[in-house]
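Structural features, examined
Residues per chain, in single letters:
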Amino acid sequence: MKRRVKTLAIDYFVINLGLIIAAIGIGLFIVPAKIVSGGVTGIATILYYTLDMSIGTSMLFINIPLFLIGVRILGKEYGAKTLFGIIMLSFYIDLFRKIIGLDNVIDFTKGSNFLLAPLFGGILLGVGLGLVLKFGGSTGGTDIIAQVVNKITKIPVGYGMMINDTIVILSGIAVFGIEKGLYAIIAMFTTNVVINKIFEGVGYTKMVYIISDHYEVIREIIINDIKKGGTALTAKGIYTEESKSMIMTVLKNKEIRELQSLIKRVDPNAFMIISEVYEVLGEGFKALD
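Attention here is on the structure that accompanies the text. (Residues numbered from 1 in each chain as written. Predicted model: local features only at pLDDT ≥ 70, side-chain atom pairs only at ≥ 80, totals over all residues. Heavy atoms only, no water.)

Further remarks concern the packing of aromatic side chains. According to the stated counting rule, one finds 6 aromatic pairs in the structure shown. Both rings, one in Tyr12 and one in Phe84, keep their centres 5.2 Å apart while their planes meet at 85°; by these two values the pair is edge-to-face. Linking Tyr12 in helix α1 (residues 2-30) with Phe84 in helix α4 (residues 76-99), this pair joins segments that are 72 residues apart in sequence. Given a relative accessible area of 24%, Phe84 falls into the partly exposed group. Residues Phe91 and Tyr92 carry aromatic rings whose centres are separated by 5.7 Å and whose planes lie at 55° to one another, so their mutual orientation is tilted. The class for Phe91 is partly exposed, based on a relative accessible area of 44%. Taking the relative accessible area as the measure of exposure, Tyr92 reaches 10% and is therefore buried. Through a chain of ring-to-ring contacts, three or more aromatic side chains come together here, namely Tyr48, Tyr49 and Phe176. (Phe/Tyr/Trp six-rings, centres within 6.5 Å; stacked < 30°, edge-to-face > 60°. Helix = DSSP H or I, 4+ residues; strand = E, 2+ residues; numbered from the N terminus. Buried < 20%, exposed > 50% of the residue type's maximum accessible area, 1.4 Å probe, protein only.)

The structure is reproduced here in structure tokens:
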């Protein structure tokens, strides 16, 4: 129980850090530059400049139905972290804009400065969202849709967000013009590249060894929940000389977090070894993975 509480505390700490970083990217670079880089943030930016609606309030209002969809498909635990992400991101964006006055930080009257918005805004937003997603959270909007699609089809989260964001960017072009739309494409590309690097990890696959008294349950988790196979090995403790079944499996980085979470629910004392894999060939893995 204590270990689970500690894990949740770490999750929420990192998610909160990611939300702060994302809010800075949005408030300092994206919104002041009138860049509609996609998602709920892009829609809120359009509403801010056309109807003078608060960015945070708009995001909360739009995220309500999407949040309900996420809870229904991805589960109640996901819903708690998503609700936290939705509320705190909206809060941080409005807080930073009121206290710091972020609209005046960068002088966009100089043409050369405008490229700072999609580049640094995209990097900060990508780092922030990447941390949030990696630790099981969400900021609502298109990343809820992307994670739902990822769970069903295994399409990478970053690519799913890119498809959804493209639709919003086209709406931004209609409001702010083609030039701002081109900058928005740069911001979207930068954001999604960074998200994929953080969420997927530098190495794409890892080897996992698992020793547990709940071998059969963990075996079912890997087969039915993670949708992967593996190999059962016989291991013998050098101290107890007790023989146990050990599972060896190869997973993609995004699957590691889910497996760890599921195993901790079944056996918090399970022994896991996770190591880098440089190349995997065979069913479920491409030669270039």
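This model, assessed by the stated rule, comprises 4 salt bridges. One salt bridge connects Asp11 with Lys81, and the closest N-O pair in it is separated by 3.0 Å. Of this pair, Asp11 sits in helix α1 while Lys81 sits in helix α4, and the two are 70 residues apart along the sequence. Of the two residues, Asp11 and Lys81, neither departs from the other in class, the shared state being buried. Between Arg219 and Glu216 there is a salt bridge, and its shortest N-O distance comes to 3.9 Å. (Salt bridge = Lys/Arg side-chain N within 4 Å of Asp/Glu carboxyl O.)

Our focus in this paragraph is the side chain of Ser212. As for its placement among the helices and strands, Ser212 is situated in the loop between β1 (205-211) and α9 (215-225). Here Ser212 falls in the buried class, since its relative accessible area comes to 7%. Side chain to side chain, Ser212 and Asp267 meet in a polar contact 2.6 Å long. Apart from the residues within four sequence positions on either side, Ser212 is in contact with Ile218, Asp267 and Ala270. (Polar contact = N/O pair within 3.5 Å; in protein donor to acceptor, adjacent residues only side chain to side chain. Contact = heavy atoms within 4.5 Å.)

Membership of the largest hydrophobic core comes to 30 residues, with the highest contact counts inside it found for Leu19, Met59, Leu89 and Ile93. Every element with two or more residues in this core is listed here: α1, α2 (39-51), α3 (55-74), α4, α5 (116-134) and α6 (142-153). A total of 7 residues in this core trace back to one element, the largest contributor, which is α1. Ignoring sequence-local partners within four residues, the contact set of Met59 consists of Val40, Thr41, Ala44, Leu89, Ser90 and Ile93. Of all hydrophobic cores here, the second largest spans 14 residues; its members include Ile221, Ile247, Leu259 and Ala270. (Core = buried A, V, L, I, M, F, W, Y, C linked by side-chain atoms within 4.5 Å.)

On to the sheet that holds strand β4 (residues 271-277), then. Across the sheet, 4 strands lie side by side as β2-β3-β1-β4; this open sheet has antiparallel pairing. With partners counted over all chains shown, the strands left at the sheet margins are β2 (231-236) and β4, one partner each. Averaged over all pairs of adjacent strands, the angle between their axes in this sheet comes to 25°, without regard to strand direction. In the sheet, β1 pairs with β4 via 7 bridges, with the strands oriented antiparallel. Pairing of Lys206 across the sheet is with Glu276, part of β4. Lying over the sheet, α9 contacts β1, β2 and β3 (243-252), oriented at roughly 15° with respect to β3. (Pairing = 2+ DSSP bridges. Axes fitted to C-alpha atoms, helices over the stretch in contact; angles between N-to-C directions.)

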